[in-house]
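Here's the letter readout for the chains.
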Amino acid sequence: MIDGLSQGLGGGVIALLAAVVALAAFVQGTSGLGFALIVAPVAGMVDPGLLPVFLLASMIPLNLYVAWRERADLDLRGARWISAARLAATPGGLALLWAVPERHLGVVVGAATVLAALVSLLAPAFTPGRTAYVGAGAVTALTETATGVGGPPLALVYQHRPPAELRSTVAVCFLAGEVASLGLLFATGQGSPGQASPALLLLPALALGVWLSRLVHHRVDAAKLRIMVLVFAAVSGAVLIAGL
């Protein structure tokens, strides 16, 4: 892992990341998912050292705002089960990060992104229960701690629930997991607070995307937006795997 990443990124790269972060914040603020699926492949192509700390740090203010905005529709039972499993399985995600050399992290992120997008696109409708909550929390812990991509398992559980319930519950679950993952990464030396500096630099872009989502989240067809996000994620992940 590399500290001081923001100092090594050129103006063009910062502008690209700012545009991607703003778009991703708008998409997740509107549909409830998509930030990591959009940002992770691009960040991985720019510099694999940005993952997962930059991604996790960027999502904390986004999910804090969405959780507060949609608090009336929170599925508290689901959030409790998912968060408990998420926290219990977080060390497994750290072990996965230890096992993957940084030079191969882009391929892992790309593969995880493509697989998650395809599963999300093809999964049939179902009513979630305790097993689904716990499974989603555990898988999210593994993928999000190691790569920063953790939304698809939660999206699978809530994709057929009302949009406000999906947005609020996924945001709350993300918040608990992101703080736990960052704390563990910092405590074990697999990440450092300095690696979050690009997230601070791009905070205005994230705020712009979130503000735009506030204006339209109750009117945009979230189902269609979800399909576009997943298709984009699959293509971006494939490019990352190919190393183009």
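Further up the page is the structure itself.
What counts and how
Residues numbered from 1 in each chain as written. Predicted model: local features only at pLDDT ≥ 70, side-chain atom pairs only at ≥ 80, totals over all residues. Heavy atoms only, no water. Axes fitted to C-alpha atoms, helices over the stretch in contact; angles between N-to-C directions. Helix = DSSP H or I, 4+ residues; strand = E, 2+ residues; numbered from the N terminus. Parallel < 35°, antiparallel > 145°, perpendicular 65-115°, else oblique. Left-handed = near helix turned anticlockwise from the far one by under 90°. Contact = heavy atoms within 4.5 Å. Expected span 1.5 Å × (residues − 1). Buried < 20%, exposed > 50% of the residue type's maximum accessible area, 1.4 Å probe, protein only. Salt bridge = Lys/Arg side-chain N within 4 Å of Asp/Glu carboxyl O.

Draft legend 1. Geometry of the packing of helix H2 (residues 11-31) against helix H3 (residues 35-46). At a minimum axis separation of 8 Å, H2 and H3 run at an interaxial angle of 165 degrees. Judged by the angle between their axes, H2 and H3 are roughly antiparallel. Considering only the axes of H2 and H3, their crossing is right-handed. Two secondary-structure elements touch here, H2 through Val13, Leu16, Leu17, Val20, Val21, Ala24, Ala25, Val27 and Gln28 and H3 through Phe35, Ala36, Ile38, Val39, Val42, Ala43 and Val46.

Draft legend 2. The arrangement of helix H7 (residues 130-147) in detail. Here H7 contains 18 residues, and its C-alpha end-to-end distance of 26 Å stays within 8% of the 26 Å for a straight helix at 1.5 Å per residue. Taken as a whole, H7 has its buried residues at Tyr133, Ala136, Gly137, Thr140, Ala141, Glu144, Thr145, Ala146 and Thr147. In the segment just after H7, Gly148 is the residue with positive phi, at about 90 degrees.

Draft legend 3. Quick look at the pattern of salt bridges. Tallied over the entire structure, the rule returns two salt bridges. Glu70 is paired through a salt bridge with Arg69; the nearest N and O atoms lie 3.1 Å apart. For the pair Glu70 and Arg69, a shared accessibility class is recorded, and that class is buried. Two residues, Glu70 and Arg167, come together in a salt bridge whose shortest N-O distance is 2.8 Å. Highlighted residues: Glu70 in the loop between helix H4 (53-69) and helix H5 (76-99) and Arg167 in helix H9 (residues 163-187), separated in sequence by 97 residues. Each of the two residues, Glu70 as well as Arg167, counts as buried. Each of Arg69, Glu70 and Arg167 takes part in a single network of salt bridges with overlapping partners.

Draft legend 4. Just H9, in detail. Counted at 1.5 Å a residue, the expected span for H9 with its 25 residues is 36 Å, and the 36 Å between its end C-alpha atoms agrees. Residue Gly189 follows H9 closely and has a positive phi angle near 80 degrees.

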